[in-house]
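Residue-level listing of the chains:
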Amino acid sequence: MKLIIAIIQDKDSNRLSSELVKANFRATKLASTGGFLRAGNTTFLIGVDDSQVEPVLSVIRNSCKVREQLVTPVTPMSGTTDSYLPLPVEVQVGGATVFVLPVDRFEHY
């Protein structure tokens, strides 16, 4: 048995949730916050048999897309801000960060 932890951007959350239900996989959704952009994420916890890992990863891969987004850097914490001009920069966001962990024991009550 495996535990799949998938951290995805909020924009992809509803699509992934719907696709997991269509494929008959159950998941727990948790609200989370990313450290880099300080933006909302959703973390999915999905417990599956070893043989179901690849089908779940396929659903995640097809539901969570990478996109470009303009972000404005935060103001520096130290030094003078007189000459600091926060120009937006383009970064890649979205996609999914996925961890697949072994499960030694599972119980359902």
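Our subject is the structure listed above.
Note that this is a predicted model, so its numbers are computed, not measured.

Some remarks on the overall build of the protein
At step 1: Check the secondary structure of the protein and you find 2 helices and 6 strands.
At step 2: Sequence-ordered secondary structure for the protein, helices as α and strands as β, is β-α-β-β-α-β-β-β.
At step 3: Among the 109 residues that make up the protein, the fraction classed as buried is 26%.
At step 4: Across the protein, the fraction of contacts at a sequence separation of at least 24, relative to all contacts at a separation of at least 6, is 69%.
At step 5: Taken as a whole, the protein presents about 7700 Å² of accessible surface, with 54% of it coming from carbon and sulfur.

A word on the nonpolar core
At step 1: In terms of nonpolar packing, the biggest core is built from 15 residues, with Leu-16, Leu-20, Ile-46, Val-56 and Ile-60 touching the most fellow members.
At step 2: Sorting the residues of this core by element identifies strand 1 (2–9), helix 1 (10–22), strand 3 (40–48) and helix 2 (53–63) as the ones contributing at least two each.
At step 3: Considering every element that reaches this core, the biggest residue donor is helix 2, with 5 residues.
At step 4: Aside from chain neighbours lying at most four places away, what touches Leu-20 is Phe-25, Ala-27, Phe-44, Ile-46, Val-56 and Val-59.

Some details on helix 2
At step 1: Along helix 2, the residues classified as buried are Val-53, Val-56, Leu-57, Val-59, Ile-60 and Ser-63. The buried residues of helix 2 occupy an angular sector of 155° when the element is viewed end-on, so they sit on one face. Away from the buried face of helix 2 by more than 90 degrees, exposed residues Glu-54, Arg-61 and Asn-62 are located.
At step 2: Looking at the packing, one finds that the buried side of helix 2 touches strand 1, helix 1, strand 3 and strand 6 (96–102).

What counts and what doesn't
Residues numbered from 1 in each chain as written. Predicted model: local features only at pLDDT ≥ 70, side-chain atom pairs only at ≥ 80, totals over all residues. Heavy atoms only, no water. Helix = DSSP H or I, 4+ residues; strand = E, 2+ residues; numbered from the N terminus. Buried < 20%, exposed > 50% of the residue type's maximum accessible area, 1.4 Å probe, protein only. Contact = heavy atoms within 4.5 Å. Areas by Shrake-Rupley, 256 points an atom, 1.4 Å probe, with all protein chains shown as cover. Core = buried A, V, L, I, M, F, W, Y, C linked by side-chain atoms within 4.5 Å. Arc of directions from axis to C-beta.

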